[in-house]
Amino acid sequence: MFRLKDLNILGSKADLALLPEGKLLINTINAHSFNTAKKDKLFAEALTNGDALIPDGVSIVKACRRIKAKSQPKERIAGWDLFEFEMNKLEQLGIRNEECGVDNSELDNSQSASADNSKLKIQNSKLGSRQLTVMFMGSSQKVLDLIVKRVAKVYPHLKVVTYSPSYKPEFSDEDNKAIIEAINAADPDLLWIGMTAPKQEKWTYSHWNELNIHCHVGTIGTVFDFFAGTVERAPKFWSDHGLEWFYRLCKEPKRIGRMMKLPLFLIHVRQEKGKRK
């Protein structure tokens, strides 16, 4: 049974620094994804069995306190917080690598090289093996191209790999094989999966053992659009007061259907509170 009180949820933003190195699956959870997981067994397994689960919603933080859950997160950790932490950490490592002798003089940020699949684009391909690689898998090529341009400005010491999968509800075996081969070929030092929940979590969890990689993997969906600038993130005031959902609703009225389902989360929380075990 999928229950909030049983989940291992990260406690604070400071705890991001305590995550071990190596291959690590990091998912996020909010009220909407919790509701979805209650009726989606594979999604529930993905959230439960990942290596780290981040409370991307004030409602999750407050609910854990209310039901005296095993995990007691102190604050909301947005997918954006995870993204900034991991990207800044990798950029700092990239700077150190450069100081140790990696030559960036021949770098041309506009260059790209395609692998077997034309959708795989590798930036800064002339650099040596010491340059660190971040890969973005998911979203449209338009969004990914914007991401590449911004990474070049904000995180100039990182090599960027992107892959835009076919836009369809379910991937074929051929689609899955192509994605897996692209990721393994890139051998990234950081991998972001952005296909919206629950698709991104389910896909990554289902193919985890086929990914021959050594890095942190974050399923962050909308963060792709935030970073690319195609979707506006809520100002800090709104986020700090747990009102980012309302800000996004004002900007994207089509999200009203999703918001209407949030009272279901309160029902689930009340049910868990009423049960001792």
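Numbers given for residues are sequential positions, taken from 1 along each chain in its written order. Restriction of local features to residues with pLDDT of at least 70 applies here, the model being predicted, together with a cutoff of 80 or more for giving and counting side-chain atom pairs; totals for whole chains, interfaces and linings are based on all residues. Side-chain measures were taken over the full set of non-hydrogen atoms in the model, leaving aside hydrogen atoms and water.

Draft legend 1. Examining the nonpolar core more closely. Among buried residues, those of type Ala, Val, Leu, Ile, Met, Phe, Trp, Tyr and Cys that are joined through side-chain atoms within 4.5 Å constitute a nonpolar core. Remark: exposure states derive from per-residue accessible area (1.4 Å probe, protein chains only) relative to the maximum for the residue type, with buried under 20%, exposed over 50%, and partly exposed in between. Residues Phe-83, Met-87, Val-134, Phe-136, Ile-147 and Trp-192 are the most contacted members of the largest nonpolar core, which totals 33 residues. Mapped by element, the contributors of at least two residues to this core are strand 1 (24–29), strand 2 (52–55), helix 4 (79–99), strand 5 (132–138), helix 5 (141–154), strand 6 (158–163), strand 7 (190–194) and helix 8 (223–228). Here a residue-residue contact requires only that any non-hydrogen atoms of the pair lie within 4.5 Å. Excluding residues that lie within four positions of it along the chain, Val-134 makes contacts with Met-87, Leu-90, Leu-158, Lys-159, Val-160, Val-161, Leu-190 and Trp-192. Ranked by size, the runner-up nonpolar core spans 20 residues in total, among them Ile-179, Ala-182, Ile-183 and Ile-193. In this description a helix means any DSSP run of H or I spanning at least four residues, a strand means any run of E spanning at least two, and both kinds are numbered starting from the N terminus.

Draft legend 2. Region of the structure containing the packing of helix 1 (residues 31–38) against helix 2 (residues 41–49). The geometry of helix 1 relative to helix 2 is characterised by a closest axis approach of 7 Å and an angle of 125 degrees between their N-to-C directions. Judged by the inter-axis angle, helix 1 sits oblique to helix 2. For the pair helix 1 and helix 2, contact is made by Ser-33, Thr-36 and Ala-37 and by Phe-43, Ala-44 and Leu-47, respectively. For the contact of helix 1 with helix 2, a count of residues per class yields four nonpolar, two polar and no charged. Axis angles are defined between N-to-C directions and span 0 to 180 degrees, where every axis is a line fitted to C-alpha atoms and, for a helix, only to the segment in contact. Should an angle fall under 35 degrees it is taken as roughly parallel, and over 145 as roughly antiparallel, whereas 65 to 115 is taken as roughly perpendicular and any remaining angle as oblique. In this classification, Asp, Glu, Lys and Arg are treated as charged, Ala, Val, Leu, Ile, Met, Phe, Trp, Tyr, Cys and Pro as nonpolar, and every other residue, Gly included, as polar.

Draft legend 3. Focus on the packing of aromatic side chains. Aromatic rings from Phe, Tyr and Trp, taking only the six-membered ring of Trp, are treated as a pair when their centres fall within 6.5 Å; an angle between ring planes under 30 degrees marks them as stacked, one over 60 as edge-to-face, and anything in between as tilted. In total, this model carries nine aromatic pairs according to the counting rule given. For the ring pair Phe-34 and Phe-265, a centre distance of 5.6 Å and an interplane angle of 85 degrees mean the geometry is edge-to-face. Linking Phe-34 in helix 1 with Phe-265 in helix 12 (residues 263–273), this pair joins segments that are 231 residues apart in sequence. Look at Phe-34 and you get buried, because its relative accessible area is 0%. With relative accessibility at 3%, the residue Phe-265 sits in the buried group. Measuring from ring centre to ring centre gives 6.2 Å for Phe-83 and Phe-136, while their planes differ by 55 degrees; the resulting arrangement is tilted. Within this pair, whereas Phe-83 is found in helix 4, its partner Phe-136 is found in strand 5, the two being separated by 53 residues in sequence. Linked through ring pairs, Trp-80, Phe-83, Phe-136, Tyr-155, Trp-192, Phe-224 and Phe-227 together constitute an aromatic cluster. Its end group placed over the ring of Phe-171, Lys-199 keeps NZ or CZ at 4.1 Å from the ring centre. Only when the NZ atom of a Lys or the CZ atom of an Arg is both within 6 Å of the ring centre and within 35 degrees of the ring normal do we say a charge sits over the ring.

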